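# Fold and geometry: a report
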Amino acid sequence: MKKLFAAFAASLVMVSASAQTVPAPAIAAKSWLLLDATSGQVIASQDPHARIEPASLTKVMTAYVTFAAIRDKRLALNQMVTVSTRAWKVDGSSSKMFIDPATPVSVNDLLHGLMVQSGNDAAVALAEAVAGDEGTFVTLMNREAQRMGMKNTRFANPHGLPDANNYSTAQDLATLATTVIRDFPEFYKIDSVKQFTYNKITQQNRNRLLWLDPTVDGMKTGHTDSSGYSMIASARRPNGTTGQRRLISVVLGTSSDAVRTQESQKLLNWGFQNFDTVKLYAKGQPIATPEVWKGSQSNVKIGFTRDVLVTVPKGVAGKLKPVLERKDPLVAPLALNGQVGTLKMMADGKPLLVLPVVALEEVQEASIFGRAWDSMRLWLK
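For clarity, every value in this text was computed on a predicted model and none was experimentally measured.

This brings us to the overall build of the chain. Along its length, the chain carries eleven helices and 17 strands. Taken along the three principal axes of its C-alpha coordinates, the chain extends 85 × 45 × 35 Å. Scored against the burial criterion, the 381 residues of the chain give a buried share of 52%. The long-range fraction of contacts in the chain, counting pairs at least 24 apart against all pairs at least 6 apart in sequence, stands at 67%. As displayed, the chain offers around 17200 Å² of accessible surface, 53% of which is attributable to carbon and sulfur atoms.

Before going further, it helps to spend a moment on the pairing of strand 1 (residues 31-36). Counting buried residues along strand 1, six of its six residues qualify, which places the element largely inside the surrounding structure. Every second residue of strand 1 is oriented toward a common face, with S31, L33 and L35 on one face and W32, L34 and D36 on the other, all of them buried. Summarising the sheet, strand 1 and strand 2 (residues 41-46) pair through five bridges and their orientation is antiparallel. Counted as the bridge partner of D36 is Q41 from strand 2. Here strand 1 folds back onto strand 2, and the loop between the two strands holds four residues, one of which, G40, carries a positive phi near 85°.

Let us look at the sheet that holds strand 14 (residues 321-326). In spatial order, the strands read 12-17-16-14; together these four strands make up an open sheet with antiparallel pairing. Looking at which strands have only one partner, the edges of the open sheet turn out to be strand 12 (302-303) and strand 14. Taken together, the two bridges between strand 12 and strand 17 (residues 350-359) define a ladder with antiparallel strand orientation. Bridging from a neighbouring strand, I302 pairs with A359 of strand 17.

Before going further, it helps to examine the packing of helix 2 (residues 58-71) against helix 4 (residues 107-115). The N-to-C vectors of helix 2 and helix 4 enclose an angle of 160°; their axes lie 10 Å apart at closest approach. Here helix 2 is positioned roughly antiparallel relative to helix 4, judged by the angle of their axes. Seen from above, helix 2 lies across helix 4 with left-handed handedness. Contacts between helix 2 and helix 4 involve K59, V60, T62, A63, T66, F67 and I70 from the former and V107, L111, L114 and M115 from the latter. Residue classes in the contact of helix 2 with helix 4 are distributed as eight nonpolar, two polar and one charged.

A separate point is the nonpolar core. Ranked by size, the top nonpolar core spans 61 residues in total, and within it M61, I99, L110 and I232 carry the most contacts. Counting residues per element, this core draws most heavily on helix 2, at nine residues. Other than its neighbours up to four places away in sequence, I99 contacts V83, A87, W88, V105, L110, D121, A122, A125 and Y198. Residues V310, L320, L352 and A359 belong to the second largest nonpolar core, which totals 25 residues.

Glancing now at helix 5 (residues 120-131). With twelve residues, helix 5 should reach 16 Å at 1.5 Å per residue; the first-to-last C-alpha distance of 17 Å fits that figure. Within helix 5, ten of the twelve residues are buried, which leaves it mostly tucked inside the rest of the structure. What helix 5 keeps buried is the set N120, D121, A122, A123, V124, A125, L126, A127, E128 and V130. In this structure, the buried residues of helix 5 make contact with helix 2, strand 3 (80-81), helix 3 (85-88), helix 4 and helix 6 (134-148). Just past helix 5, the residue G132 takes up positive phi, approximately 95°.

This paragraph deals with the pairing of strand 6 (residues 201-204). Here strand 5 (residues 195-198) runs beside strand 6; their pairing, made up of four bridges, is antiparallel. From the neighbouring strand, Y198 faces strand 6, where its bridge partner is I201.

Right, let's get into the packing of aromatic side chains. For the structure on display, the rule yields six aromatic pairs. When the ring of Y64 is compared with that of F184, the centres are 5.1 Å apart and the planes differ by 70°; the resulting orientation is edge-to-face. Note that Y64 is positioned in helix 2 and F184 in the loop between helix 7 (170-183) and helix 8 (185-188), a separation of 120 residues in sequence. Here F184 falls in the buried class, since its relative accessible area comes to 5%. Clustering of aromatic rings is evident, with ring pairs tying together Y64, F67, F184 and F187. Of note, R51 hangs over the ring of Y167, and the distance from its end group to the ring centre comes to 3.6 Å.

Turning to its location among the elements, N166 is positioned in the loop between helix 6 and helix 7. The exposure class assigned to N166 is buried, which follows from its relative accessible area of 3%. Within the local environment of N166, its side chain forms a polar contact with the backbone nitrogen of A156, the two atoms lying 2.8 Å apart. Leave out the neighbours within four places in its chain, and N166 touches I52, E53, P54, T58, R154, F155, A156, N157 and G160.

Here the bond from D328 into P329 is cis, since omega is -5°, no more than 30 degrees from zero. By the element assignment, P329 lies in the loop between strand 14 and strand 15 (330-331). Cis geometry is adopted by the peptide bond preceding P333, which originates at A332 and carries an omega value of 5°. Relative to the assigned elements, P333 resides in the loop between strand 15 and strand 16 (339-347). Non-glycine residue K200 carries a positive phi angle of around 65°. Mapped onto the secondary structure, K200 falls in the loop between strand 5 and strand 6. Phi at D348 is positive, roughly 55°, even though this residue is not glycine.

Thresholds applied
Residues numbered from 1 in each chain as written. Predicted model: local features only at pLDDT ≥ 70, side-chain atom pairs only at ≥ 80, totals over all residues. Heavy atoms only, no water. Helix = DSSP H or I, 4+ residues; strand = E, 2+ residues; numbered from the N terminus. Buried < 20%, exposed > 50% of the residue type's maximum accessible area, 1.4 Å probe, protein only. Contact = heavy atoms within 4.5 Å. Areas by Shrake-Rupley, 256 points an atom, 1.4 Å probe, with all protein chains shown as cover. Pairing = 2+ DSSP bridges. Axes fitted to C-alpha atoms, helices over the stretch in contact; angles between N-to-C directions. Parallel < 35°, antiparallel > 145°, perpendicular 65-115°, else oblique. Left-handed = near helix turned anticlockwise from the far one by under 90°. Nonpolar A, V, L, I, M, F, W, Y, C, P; charged D, E, K, R; others polar. Core = buried A, V, L, I, M, F, W, Y, C linked by side-chain atoms within 4.5 Å. Expected span 1.5 Å × (residues − 1). Phe/Tyr/Trp six-rings, centres within 6.5 Å; stacked < 30°, edge-to-face > 60°. Lys NZ or Arg CZ within 6 Å of the ring centre and 35° of its normal. Polar contact = N/O pair within 3.5 Å; in protein donor to acceptor, adjacent residues only side chain to side chain.

Written out as structure tokens, the structure reads:
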């Protein structure tokens, strides 16, 4: 099912990005991307596949691997972790939570130290708690990245301090952000915490949008001298009568904290103001029941394996017209969820989206006599 979803999302992104006609704002960053997480579509981007140094955005994957360990009961939020000398001594000039080998710390506090305070010491402590050592944990990070389809990403450590083998892209980081929110919505709430106190030291979340925009609920900032200032931000706002809509912005390599905040806000506002996300079809809803040849039944229901939501420029939704292209003749056997055609969503005579259409039910072969009869019918057709 995840492979089907990936293929489905890829088809949406490929066509919608090329058809997007609303001019994008000028963003003062090395690369950037705006994703509608509700539909899975990239609204706009600039150099989304350019390799960059993720800096502390690396910690989003560290958090994901830790969340997975908690889900799988290999770790618990209230579990106390003994702080190693290695974690304690992590680069003293970098962001720290200020944990101490003399004082065990809970996994819950470490997660807040990781995502709110951006503690590099917390990243090492969590890596060791989950996997025993940093090296093994990094293997888990890269395994998850591969599973998510982050093709241009490699992690070398759990905190994001500079390393030539620690790199990613705006596209991959958007994929990671979407996966965290989808798989662990309860843990994702940590990202919206504005400040956290540990060891009598209170530190504020470096995501300034949490104070400026009440619809923003995450996700993470990053900075090193070599990478510049970066941010993954996410916001939810009302989407007409269809509930909430979530956008995720990835802004990489700006010149300052103020600029990454300003450009991220600009990108989110532009996306919400200029695009709508509409539901076209429901999961399992038949869009047609074409004839099947040589099958145990004469027709098959076809449609989609998930709700079909699409993001289009405002004013375009009412102009969308579906054009179904089938792989006729449909000859049994037909596998459940096997692709049987495509649906093109047209606007003003131009294709905006191409959606894979699948069989919503399995159709087995007919008897030898039924197949022979349909063979003759096909020959005469």
